[in-house]
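Results of the structural survey
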Amino acid sequence: MTELTVGTLLRDWRQRRRLSQMDLALSVNVSTRHLSFVETGRSRPSAELVLALAEGLDVPLRERNTLLLAAGYAPRYPVRPLEDAEMEPAREAVQRMLNAHDPYPGVVVDRAWNIVMANNAAAAITTGIPDELLGPPPNVYRISLHPDGLAKRTLNFPEWAAHLLHQLGRSVALTGDPGLAALEAEVRAYPGVEEALRDQPSPLERVPLLVPFRLDLGNGQELSLFTTLTTFGTPRDVTLDELAVELFYPADDESARLLGGRGSTASTLN
């Protein structure tokens, strides 16, 4: 297989972002001619230009390292495991968020939406799910969309599945990650998923302010939640760049009451 050049990679990212050469050149203050030469391989970009173009294209840090390597330069962004000693301040920060969020569910996910940390309320939601679906590592999309996972307990599955797949599709587009694309193909092939998407209402119909996650707890009890995502604002490490904290909030008073008795200890999922 032919190795991709930095010019080819940059062109692919530019086309993925639907930018013209002129748009990108203007955003990073280089000439369109020079950018064209870089993309065709007639000019070798400096490391600073590679990074400027990557910034203009909103390329994730992992792929910025790939661009630098393709141009003949060393990677600029380290990849440390979450357990690394240098990651302790960030790790403690997200754990404090999880602790403070109990009794409501909260999880920390990586780029592939694998759950790397969760509080007790989030862990309780997955009770009864087969071990093979819980990993390791447990994955949000597999747990949520597999018929043996939360899908069979999700009261508004068509609506929630559509939301999740839109979110996953955006992640694939943002990162260009073939692993995420494979995950998208996998979960779309689960029984009932494509059928659920066809059951979605017309986009012309009135839609709610937020898409709720409505979970059947049994005995006539329903938990209705909405979610928020939080990321690190100025990451210089690939692992931190790819972490997100997803916090679930009760969408009604009854759900808040049902969640009121949880504990307040965060745990790491292996």
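Residues numbered from 1 in each chain as written. Predicted model: local features only at pLDDT ≥ 70, side-chain atom pairs only at ≥ 80, totals over all residues. Heavy atoms only, no water.

A short note on the confidence of the model for the protein
Chain-level pLDDT for the protein is 90 on average; 91% of the residues reach the 70-or-more range. Across residues 261-270 the pLDDT falls below 50, and counting only partners more than four positions away or on other chains, this stretch makes 29 contacts in the model. (pLDDT = per-residue confidence, 0-100. Contact = heavy atoms within 4.5 Å.)

Quick look at the nonpolar core
Of all hydrophobic cores here, the largest spans 36 residues; its most connected members are Tyr141, Leu145 and Val187. Setting aside its immediate chain neighbours within four residues, valine 187 contacts Tyr141, Arg142, Leu145, Leu165, Leu168 and Val193. Core analysis: the second largest hydrophobic core is formed by 23 residues, Val50, Leu53, Ala54 and Val59 among them. (Core = buried A, V, L, I, M, F, W, Y, C linked by side-chain atoms within 4.5 Å. Buried < 20%, exposed > 50% of the residue type's maximum accessible area, 1.4 Å probe, protein only.)

Structural notes on unusual backbone geometry
Across the junction of aspartate 102 and proline 103, the peptide omega takes the value 20 degrees, indicating a cis bond. Tracing the sequence through the fold places proline 103 in the loop between helix H6 (88-101) and strand S1 (106-109). At arginine 18, a position not held by glycine, the phi torsion is positive, near 60 degrees. Here arginine 18 is to be found in the loop between helix H1 (6-16) and helix H2 (21-28). Using a relative accessible area of 77% as the deciding quantity, one classes arginine 18 as exposed. With a phi close to 65 degrees, tryptophan 113 is a non-glycine residue in the positive phi region. The topology assignment puts tryptophan 113 in the loop between S1 and strand S2 (115-119). (Helix = DSSP H or I, 4+ residues; strand = E, 2+ residues; numbered from the N terminus.)

Structural notes on the side chain of asparagine 65
Among the structural elements, asparagine 65 can be located in helix H5 (residues 61-70). Judged by relative accessible area, asparagine 65 falls into the buried class, the value being 9%. Beyond its immediate sequence surroundings of up to four residues, asparagine 65 is in contact with Pro75, Arg76, Tyr77 and Val238.

A look at the environment of glycine 106
Residue position: glycine 106 is located in strand S1. Exposure remark for glycine 106: the relative accessible area of 0% places this residue in the buried category. Distance in space between the C-alpha atoms of glycine 106 and phenylalanine 248 is 5.9 Å, their sequence separation being 142 residues. Those residues in contact with glycine 106, other than ones at most four positions away along the chain, are Leu98, His101, Met117, Ala118, Asn119, Ala122, Glu246 and Leu247.

Side note on the pattern of salt bridges
Scanning the entire structure with this criterion turns up 14 salt bridges. With its nearest N and O atoms 2.7 Å apart, the salt bridge here joins arginine 62 to glutamate 242. Of the two residues, arginine 62 is situated in helix H5 and glutamate 242 in the loop between helix H12 (238-241) and strand S5 (244-250); the sequence distance between them amounts to 180 residues. According to the relative accessible area criterion, arginine 62 is partly exposed, its value standing at 34%. Relative accessible area serves as the criterion here: at 13%, glutamate 242 is assigned to the buried category. (Salt bridge = Lys/Arg side-chain N within 4 Å of Asp/Glu carboxyl O.)

Section: the packing of helix H9 (residues 157-175) against helix H10 (residues 178-188)
It is the contact of H9 with H10, at a shortest axis distance of 9 Å, that shows an interaxial angle of 160 degrees. The orientation of H9 relative to H10 falls into the category roughly antiparallel. Remark: the crossing between H9 and H10 carries left-handed chirality. In this structure, H9 contributes Leu165, Leu168, Gly169, Ser171, Val172 and Thr175 to the contact, and H10 contributes Leu180, Ala181, Leu183, Glu184, Val187 and Arg188. Residue classes in the contact of H9 with H10 are distributed as seven nonpolar, three polar and two charged. (Axes fitted to C-alpha atoms, helices over the stretch in contact; angles between N-to-C directions. Parallel < 35°, antiparallel > 145°, perpendicular 65-115°, else oblique. Left-handed = near helix turned anticlockwise from the far one by under 90°. Nonpolar A, V, L, I, M, F, W, Y, C, P; charged D, E, K, R; others polar.)

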